Amino acid sequence: MTTVTTTTAAAAPQADRGDWIATYSGLPFWPMSPKPEDVRIDDIAHALSQLCRFAGHTRAFYSVAQHSVLVSLLCDPQDALWGLLHDAPEAYLCDLASPVKRTPLLSGYRVLEAHVQIAVARKFGLPIRIPASVKAADTVLLRTEQRDLMRMPQGWAVPPPAMPHRIVAQTPEEAKARFLLRFDELMAARPSDADLRA
């Protein structure tokens, strides 16, 4: 007897959209042709909690998920959801060290990153362009992360200020839980968007 495995149309890979990756939820994601309906907050939270900032060159494991929560707490309140999701493309494309990401050889990566960020923004009803307060918060976090989590080579230092309190690195499980809690807090003010957890 032959066993046939079936999948729903929504979950089945679609050849016309190119190559896809398998996500934590078990559903495919098309990084070359992302759509808002492919984006799932549980996939983002899980993947970012497993990714270490600075290509792993920190004194302790420090996840992109924890970094994202801190950015969302530092930026202007009206930009907090953007702050939480500012690195969401890395859930699907991985985190690259900034000098690598900026090289002309990886211009294609930057295009993919922009397309995924647009899909994320549309999924959660955010403006396409990153708000200035999120950029500023990200810089404050970078300075704080240098101080608290890294052994700094000479010649690389972001100007102050840093956060007054020190960063204590969380486990991936803690970071994921806090990321999802922060997401739920921010979405609570938008009851009409309650289905965006899916």
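The coordinates are above.
Let me sum up the structure you'll find in this document. All values derive from a computational prediction rather than experimental measurement. (Residues numbered from 1 in each chain as written. Predicted model: local features only at pLDDT ≥ 70, side-chain atom pairs only at ≥ 80, totals over all residues. Heavy atoms only, no water.)

## Regarding the packing of aromatic side chains
As a reminder of what qualifies: Classification of ring pairs rests on two measures: the distance between centres of Phe, Tyr or Trp rings, Trp counted by its six-membered ring, which must be within 6.5 Å, and the angle between planes, read as stacked under 30 degrees, edge-to-face over 60 and tilted in between. Numbering of helices and strands runs from the N terminus; a helix is a DSSP stretch of H or I covering at least four residues, while a strand is a stretch of E covering at least two. Burial classification: accessible surface area is computed with a 1.4 Å probe over protein chains only, and a residue below 20% of its type maximum counts as buried, one above 50% as exposed, and the rest as partly exposed. Working rule: Lys NZ or Arg CZ, within 6 Å of ring centre, within 35 degrees of ring normal, means a charge sits over the ring.
Applying the stated criterion to the full structure yields 2 aromatic pairs. Ring centres of Phe29 and Tyr92 lie 3.7 Å apart, and the angle between their planes is 10 degrees; on these two criteria the pair is classed as stacked. Of this pair, Phe29 sits in strand S2 (residues 28-29) while Tyr92 sits in helix H4 (residues 90-93), placing them 63 residues apart in sequence. The class for Tyr92 is buried, based on a relative accessible area of 7%. Looking at Arg53, its charged tip hangs above the ring of Phe54, at a distance of 4.6 Å from the centre.

## So, the pattern of salt bridges
Filter applied, for reference: What counts as a salt bridge is simple: a side-chain nitrogen of Lys or Arg found within 4 Å of a carboxyl oxygen of Asp or Glu.
Inspection of every chain in the model, using the stated rule, returns 7 salt bridges. For Glu113, the salt bridge is made with Lys101, and the minimal N-O distance between the two is 3.0 Å. Of the two residues, Glu113 sits in helix H6 (residues 107-123) while Lys101 sits in helix H5 (residues 98-102), which places them 12 residues apart along the sequence. The salt bridge partner of Asp148 is Arg166, with a shortest N-O separation of 3.0 Å. With Asp148 in helix H7 (residues 132-149) and Arg166 in the loop between H7 and helix H8 (172-187), this pair connects stretches of sequence that are 18 residues apart. Taking the relative accessible area as the measure of exposure, Asp148 reaches 8% and is therefore buried. For Arg166, a relative accessible area of 52% corresponds to the exposed category.

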